[in-house]
Amino acid sequence: MRLRQPENLSSFTLNLVNKNMNTSISTQPPRRNLLAALIFASRWLQLPIYLGLIVVQAIYSYKFIKLLWGLITHLNTMDESTVMLAVLNLIDVVMIANLLVMVLIGGYETFVSRLNVDDHPDQPEWLNHVNASVLKVKLSMAIISISSIHLLQTFINAGRLPENQMMWQLLLHLAFLLSAIAMAWTDKIVYGTSHQAH
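Residues numbered from 1 in each chain as written. Predicted model: local features only at pLDDT ≥ 70, side-chain atom pairs only at ≥ 80, totals over all residues. Heavy atoms only, no water.

Engineer: Can you tell me about the overall build of the protein chain, naming the residues and giving the values?
Structural biologist: Across its full length, the protein chain holds six helices and zero strands. Along the protein chain, helices (α) and strands (β) appear in the sequence α-α-α-α-α-α when read from the amino end. Across the protein chain, every contact between residues at least 6 apart in sequence was considered, and the portion connecting residues at least 24 apart equals 70%. As presented, the protein chain carries roughly 14800 Å² of accessible surface, and 67% of it is formed by carbon and sulfur atoms. (Helix = DSSP H or I, 4+ residues; strand = E, 2+ residues; numbered from the N terminus. Contact = heavy atoms within 4.5 Å. Areas by Shrake-Rupley, 256 points an atom, 1.4 Å probe, with all protein chains shown as cover.)

The structure is reproduced here in structure tokens:
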């Protein structure tokens, strides 16, 4: 019996130490998990922003219908340049609406939660491979397209606009273009570096 007592004592001591370690380990992660869950759940604070973009889409739909109705009702009194400017205004509204859809769907999918529309027949093609980098490039290209429409409107209406205004608009368009090229080039470098690392 005397020979068994140290073994029992040592096993009891080991069990007590393991129990204390397990208790300390089990009590620490919930605190970290709670903080991580809180930080992760904070992404839902962006939900009112995306709901607001839906309202903005409704506003642009109303604006498009209003511009289209004005073009139809005053078509007989418009010359060719006026009709072209009206059409460009409609295209401008469409481009901005497409930009809103891209920000709304792509941003929500990337930063808030998955939409789970993989089996939907109307799922956008670009949504399959959307991420922050792709979304950034697509948004820059959409902004350049909108700027191109505005620049074309300016050149059509050049006789009524000051030269200084046209110059600044052209410089702004070039700045958009250079920024898009710089972002695409940066993404290409980062993408190539990450693939080489793997």
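Engineer: Summarise the packing of aromatic side chains; cite the residues concerned and give the values.
Structural biologist: Scanning the model with the defined rule gives two aromatic pairs in all. Ring plane angle 70° and centroid distance 6.4 Å describe the contact between Trp-44 and Tyr-108, whose orientation is recorded as edge-to-face. Placement of the pair is Trp-44 in the loop between helix H2 (29–41) and helix H3 (47–73) and Tyr-108 in helix H4 (residues 80–111), with a sequence separation of 64 residues. Measuring from ring centre to ring centre gives 6.0 Å for Tyr-50 and Tyr-108, while their planes differ by 90°; the resulting arrangement is edge-to-face. Taken together, the residues Tyr-50 in helix H3 and Tyr-108 in helix H4 connect sequence positions 58 residues apart. The buried category is assigned to Tyr-50, whose relative accessible area is 8%. A relative accessible area of 17% means that Tyr-108 is categorised as buried. Stacked on the ring of Phe-40, the Lys or Arg Arg-43 has its end atom at 3.9 Å from the ring centre. (Phe/Tyr/Trp six-rings, centres within 6.5 Å; stacked < 30°, edge-to-face > 60°. Buried < 20%, exposed > 50% of the residue type's maximum accessible area, 1.4 Å probe, protein only. Lys NZ or Arg CZ within 6 Å of the ring centre and 35° of its normal.)

Engineer: Explain helix H5 (residues 132–156) to me, and be specific about the residues and the numbers.
Structural biologist: Counting along an α-helix, one turn takes 3.6 residues, and residues three or four places apart therefore face a common direction. End to end, H5 covers 36 Å across 25 residues, agreeing with the expected 36 Å (1.5 Å per residue, within 8%). When H5 is considered as a whole, its buried residues turn out to be Leu-135, Ser-140, Ala-142, Ile-144, Ile-146, Ser-147, Ile-149, Leu-151, Gln-153 and Thr-154. (Expected span 1.5 Å × (residues − 1).)

Engineer: Can you break down the nonpolar core residue by residue, with the values?
Structural biologist: Tyr-50, Leu-53, Leu-100, Leu-104, Tyr-108 and Val-112 form the largest nonpolar core, which has six residues in total. If you list the elements that add at least two residues to this core, you get H3 and H4. With three residues, H4 is the single largest residue contributor to this core. Among the nonpolar cores identified, the runner-up in size contains five residues, and Met-102, Leu-127, Val-130 and Leu-135 belong to it. (Core = buried A, V, L, I, M, F, W, Y, C linked by side-chain atoms within 4.5 Å.)

Engineer: Tell me what's going on with the pattern of salt bridges, and back it up with residues and numbers.
Structural biologist: All chains considered together, the criterion is met by one salt bridge. Between Arg-114 and Glu-109 there is a salt bridge; the shortest N-O distance is 3.6 Å. Classification of Glu-109 by relative accessible area gives buried; the value is 17%. (Salt bridge = Lys/Arg side-chain N within 4 Å of Asp/Glu carboxyl O.)

Engineer: So what about the packing of H3 against H4? Which residues, and what values?
Structural biologist: H4 packs onto H3 with a crossing angle of 165° between their chain directions and a minimal axis gap of 10 Å. The angle between H3 and H4 places the two elements in the roughly antiparallel class. Handedness of the crossing formed by H3 with H4: left-handed. Of the residues that constitute the contact of H3 with H4, the class distribution is 24 nonpolar, three polar and one charged. (Axes fitted to C-alpha atoms, helices over the stretch in contact; angles between N-to-C directions. Parallel < 35°, antiparallel > 145°, perpendicular 65-115°, else oblique. Left-handed = near helix turned anticlockwise from the far one by under 90°. Nonpolar A, V, L, I, M, F, W, Y, C, P; charged D, E, K, R; others polar.)

Engineer: Run through the side chain of Arg-43, naming residues and quoting values.
Structural biologist: Tracing the sequence through the fold places Arg-43 in the loop between H2 and H3. Among buried Asp, Glu, Lys and Arg side chains, Arg-43 stands out as unpaired, with Glu-109 the closest opposite charge at 11 Å. Within polar-contact distance, the side chain of Arg-43 engages the backbone oxygen of Phe-40 at 2.7 Å. Sequence-distant contacts of Arg-43, that is, excluding residues within four places in its chain, are made with Phe-111 and Val-112. (Lys, Arg positive; Asp, Glu negative; His and termini not counted. Polar contact = N/O pair within 3.5 Å; in protein donor to acceptor, adjacent residues only side chain to side chain.)

Engineer: Give a description of the environment of Ile-54 that names residues and reports values.
Structural biologist: Along the polypeptide, Ile-54 turns up in helix H3. Judged by relative accessible area, which is 44%, Ile-54 ranks as partly exposed.

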